[in-house]
Amino acid sequence: MSEPDLNLLIALDALLTLGSVAEAARRLNLSASAMSRTLGRLRAVTGDPLLVRAGRNMVLTPYAEEIRERTQNTVFEARSILRPSVSELSLSTLERTFTLRANEGFVEAFGAALISAVATAAPLVRLCFAPKPEKSARHLREGRVDLEVGVLGNMGPEIRLQALFRDRFVAVVRKGHPLEQEAEITARAYAECGHVVASRRGLVTGPVDQGLAELGLERKVAAVVPSFPAALAVAQASDLVALVPASFLINQPVGTVLYMFELPVKTQSITVSQMWHPRLEADPAHRWLRQWVLKVVQQRFATLTT
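Residues numbered from 1 in each chain as written. Predicted model: local features only at pLDDT ≥ 70, side-chain atom pairs only at ≥ 80, totals over all residues. Heavy atoms only, no water.

(A) Up close: the sheet that holds strand β9 (residues 220-225). The sheet built from five strands is open, its strands ordered β9-β8-β10-β7-β11 with mixed pairing. For this open sheet the edge positions go to β9 and β11 (258-261), each flanked by a neighbour on one side alone. Averaged over all pairs of adjacent strands, the angle between strand axes in this sheet comes to 35°, irrespective of strand direction. For strand β7 (residues 169-174) and strand β10 (residues 241-245), the ladder comprises four bridges, and the chain directions are antiparallel. Looking at β10, one finds that Val170 is bridged to Val244. (Pairing = 2+ DSSP bridges. Helix = DSSP H or I, 4+ residues; strand = E, 2+ residues; numbered from the N terminus. Axes fitted to C-alpha atoms, helices over the stretch in contact; angles between N-to-C directions.)

(B) Highlighting the packing of helix α1 (residues 7-18) against helix α4 (residues 62-81). The interhelical angle for the contact between α1 and α4, taken along N-to-C directions, is 130°, at an axis separation of 9 Å. With respect to their mutual orientation, α1 and α4 come out oblique. In this structure, α1 meets α4 at a crossing whose hand is left-handed. Residue-level contacts link Leu9, Ile10, Leu12, Asp13, Leu16 and Thr17 of α1 to Ala64, Ile67, Arg68, Thr71, Gln72, Thr74, Val75 and Arg79 of α4. Grouping the constituent residues of the contact of α1 with α4 by class yields seven nonpolar, four polar and three charged. (Parallel < 35°, antiparallel > 145°, perpendicular 65-115°, else oblique. Left-handed = near helix turned anticlockwise from the far one by under 90°. Contact = heavy atoms within 4.5 Å. Nonpolar A, V, L, I, M, F, W, Y, C, P; charged D, E, K, R; others polar.)

(C) Representation of the packing of aromatic side chains. Scanning all chains against the criterion turns up seven aromatic pairs. With a centroid separation of 6.3 Å and an interplanar angle of 80°, the aromatic rings of Tyr190 and Phe261 are classed as edge-to-face. Here Phe261 lies in strand β11 and Tyr190 lies in helix α7 (residues 187-192), a separation of 71 residues in the sequence. Residues Tyr190 and Phe261 agree in their burial class; the two are buried. Over the face of the ring belonging to Trp276 we find Arg290, whose NZ or CZ atom lies 4.3 Å from the ring centre. (Phe/Tyr/Trp six-rings, centres within 6.5 Å; stacked < 30°, edge-to-face > 60°. Buried < 20%, exposed > 50% of the residue type's maximum accessible area, 1.4 Å probe, protein only. Lys NZ or Arg CZ within 6 Å of the ring centre and 35° of its normal.)

(D) Structural detail: the sheet that holds strand β3 (residues 96-101). Taken in spatial order, the five strands make up an open sheet running β4-β3-β5-β12-β6, and their pairing is mixed. Across the chains shown, the open sheet's two edge strands, defined by having one partner strand only, are β4 (125-130) and β6 (160-167). Strand after strand, the sheet turns through a mean of 20° between neighbouring axes, direction not considered. Bridging between β3 and strand β5 (residues 147-151) involves two bridges; their strand directions are parallel.

(E) Region of the structure containing the pattern of salt bridges. Enumeration according to the criterion identifies 13 salt bridges in this entry. For Arg168, the salt bridge goes to Glu262, with nearest N and O atoms at 2.7 Å. With Arg168 in the loop between β6 and β7 and Glu262 in the loop between β11 and β12 (270-276), the pair connects residues that are 94 residues apart, well separated along the chain. (Salt bridge = Lys/Arg side-chain N within 4 Å of Asp/Glu carboxyl O.)

(F) View of the pairing of β12. Where burial is concerned, most of β12 is hidden: six out of the seven residues are buried. The pairing of β5 with β12 spans four bridges and is classified as antiparallel. Considered in β12, the bridge of Gly150 is made with Ser273.

Below, the structure is given as structure tokens:
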């Protein structure tokens, strides 16, 4: 009996993950025609079409959907066997790119310190920060990112996580704003100001509105922007009040250009975590990265509370 060509697993993983012959070819540095021939071989080996036309796109067959995650896990395990064990991990020679999916506020607050720390310990390691327009475990499951940083939400029971810090919402206005002159900022004075809200989905209400409603108060939202950094920029250049997590102020000019104050109503704290797929649980380089993320982020966040 002839042995199967295990190189086909790499191609199968790319095809099932990307759902496109052209995209799989680009990932594997092959021509589209070579990738098409490989797909033909995979169809012959598996006895299934795997990818079929649906209009102008291609979709996975039921069998392809069934084996997609098994294929990803098999390829990952095969690659991990060929990587150094824990005792052999040499940071000075470790050459690897780690992809971290995080929002831009996290990158602004912690990115530079994390990049510097990693570069000092492992100069051949590259960090790639990917945008995070929505919460989804799909990127971890498909192996497209190594770590996801954010607030846990519908990530699935298999996803591993570790808390990095507990955040809270604060209010921010420009330096010289009328609220800065108040000895005590009341809920009414806060609500009567104009507000800028950060929401990727265009939502007007936020975590502070329930507390205001219990006091019979309501904010006047003058603008909605897609991110917290954008909300800070608007607040800095206007009389609007921005609501942001405290961690977003680590690298901001608070005290010189911006004025931060605690909210006059209670809101729930936020637990920011790093999350990863169990495939990477025992990977020595990934475990090293997780340790550094935890250390650097907690050190940086401590500057806000001391």
